[in-house]
Amino acid sequence: NKPHIPLKTLRDKHFLSVKTGYSKMKITKTIDKSELNEGALDDNGFNLDVGLGYKYNKNIFMTANIARTKLDIIEFTDFYTSINGQYTKSSYKPYIGTIVGYSEIVYVYDLIKDTTSKKSKGGNFFVGVQAGINKKLKEKLNLVMQYQLLKYDHKSNINRNNDNLKHKWQNNLMMGV
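These lines cover the structure that appears in this document, whether it is placed above or below. This is a predicted model, so every value here is computed, not measured.

Another aspect to go through is the overall build of the protein. Summing up its helical and strand segments, the protein has one helix and eight strands in all. Along the chain direction, N to C, the helices and strands of the protein fall in the order α-β-β-β-β-β-β-β-β. Relative to its 177 residues, the protein shows a buried fraction of 36%. Intrachain contacts of the protein at a sequence separation of at least 6 include 60% that bridge at least 24 residues.

Here it is, written out as structure tokens:
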């Protein structure tokens, strides 16, 4: 006999989350600001995060997410997983977790003035941490408030003098269901 897991049990363990919020970046540069296009140093924007989750038990859950952050002329698309520990003895369920993923950065326009190139992109692995609170609204609906700190290593060499622009950290404050 094969072990049988009822379909209802599988459905109860999986969930979908959709969150949106505000992002703030930490950017360093080795080039004079006057040489950059407007928006190249934009360090804040909005994000959208969609995830599929699995409740391992009442205190541990895992997610696989895709997140999009849009700045003025730069866009980030992050693919990541998280593992989280949750305190469940309250109607507000705080959690903390670790994140590992891959991030793509796309420059919608060139960073430097007086160039003809348009779109360029790159990618890198990243790590992070998150903390949040789940509040049950209905049987199958939770309100989620979450903070993330992501450590990037996006380095863009932007001219022949080896000047660069680095996106090092991203702070996200999000809310969703």
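In this section: the layout of surface pockets. If you add up the space inside the largest pocket, you get close to 800 Å³. Forming the walls of the largest pocket are 33 residues, and the residues nearest its centre are Phe15, Lys55, Gln86, Asn134 and Asn142. Those elements that place two or more of their residues in the lining of the largest pocket are helix H1 (7–13), strand S1 (14–29), strand S3 (60–70), strand S4 (74–86), strand S5 (92–107), strand S6 (120–138) and strand S7 (141–157). Broken down by class, the residue content of the lining of the largest pocket amounts to nine nonpolar, 15 polar and nine charged.

So, about empty space enclosed by the protein. Considering all chains together, one arrives at one cavity of 30 Å³ or more under this definition. Put simply, the largest cavity is a space of about 40 Å³. What lines the largest cavity is Asn47, Leu48, Asp49, Ala67, Thr69, Asp78, Gln148, Gln170, Asn172 and Met174. Only strand S2 (44–55), S3 and strand S8 (164–176) provide two or more residues apiece to the lining of the largest cavity. For the lining of the largest cavity, the residue count by class is three nonpolar, five polar and two charged.

So, on to the side chain of Gln148. Secondary-structure assignment places Gln148 in strand S7. On the accessibility criterion, Gln148 (2% relative accessible area) is buried. Among the polar contacts made by the side chain of Gln148, one reaches the side chain of Tyr80 at a distance of 3.0 Å. The residues contacting Gln148, other than those within four sequence positions of it, are Asp49, Tyr80, Ile99, Val129, Gln130, Gln170, Asn171, Asn172 and Met174.

What follows deals with the pairing of S8. Pairing of S1 with S8 involves 11 bridges; the strand directions are antiparallel. Directly across from Ile27, in S8, lies its bridge partner His167. Where S7 and S8 come together, 12 bridges link them in antiparallel fashion. From the neighbouring strand, Gln146 faces S8, where its bridge partner is Met174.

In total, this model carries five salt bridges according to the counting rule given. Residue Lys136 pairs with Glu139 through a salt bridge whose shortest N-O separation is 3.8 Å. On the accessibility criterion, Lys136 (43% relative accessible area) is partly exposed. Among the residues examined, Glu139 registers a relative accessible area of 61% and is labelled exposed.

With that out of the way, let us pick up a nonpolar patch on the surface. Together, Leu16, Val18, Leu48, Val50, Leu52, Ile66, Phe79, Leu137, Leu141 and Val177 line one region of the surface with nonpolar side chains, adding up to about 830 Å² of accessible area. Put simply, the parts of the chain that give the nonpolar patch at least two residues each are S1 and S2. The biggest single contributor to the nonpolar patch is S2, with three residues. Within the secondary structure, Val18 is located in strand S1. Take Val18: its relative accessible area is 35%, and that puts it in the partly exposed class.

Looking now at the packing of aromatic side chains. Per the stated rule, a full pass over the model turns up seven aromatic pairs. Between the aromatic rings of Phe61 and Tyr95, the centroid separation amounts to 5.2 Å while the plane-to-plane angle is 75 degrees, which identifies the pairing as edge-to-face. Placement of Phe61 in strand S3 and of Tyr95 in strand S5 is noted, with a sequence separation of 34 residues between them. Its relative accessible area of 4% is what places Tyr95 among the buried residues. Taken together through their ring pairs, the aromatic side chains of Phe76, Tyr80, Phe126 and Tyr152 make up a single cluster. Directly above the ring of Tyr92 sits Lys135, whose terminal nitrogen or CZ lies 4.9 Å from the centroid. Against the face of Trp169 rests Lys151, its NZ or CZ located 5.5 Å from the ring centre.

Rules of the game
- Residues numbered from 1 in each chain as written.
- Predicted model: local features only at pLDDT ≥ 70, side-chain atom pairs only at ≥ 80, totals over all residues.
- Heavy atoms only, no water.
- Helix = DSSP H or I, 4+ residues; strand = E, 2+ residues; numbered from the N terminus.
- Buried < 20%, exposed > 50% of the residue type's maximum accessible area, 1.4 Å probe, protein only.
- Contact = heavy atoms within 4.5 Å.
- 1 Å grid on protein atoms, 1.4 Å probe; cavity = no way out; pocket = protein on both sides within 12 Å on 5 of 7 lines; lining within 4 Å.
- Points joined across faces, edges and corners; volume = space filled by probe spheres on them.
- Nonpolar A, V, L, I, M, F, W, Y, C, P; charged D, E, K, R; others polar.
- Polar contact = N/O pair within 3.5 Å; in protein donor to acceptor, adjacent residues only side chain to side chain.
- Pairing = 2+ DSSP bridges.
- Salt bridge = Lys/Arg side-chain N within 4 Å of Asp/Glu carboxyl O.
- Patch = residues over 30% accessible without salt bridge, like charges linked within 9 Å, V, L, I, M, F, W, Y side chains within 5 Å.
- Areas by Shrake-Rupley, 256 points an atom, 1.4 Å probe, with all protein chains shown as cover.
- Phe/Tyr/Trp six-rings, centres within 6.5 Å; stacked < 30°, edge-to-face > 60°.
- Lys NZ or Arg CZ within 6 Å of the ring centre and 35° of its normal.

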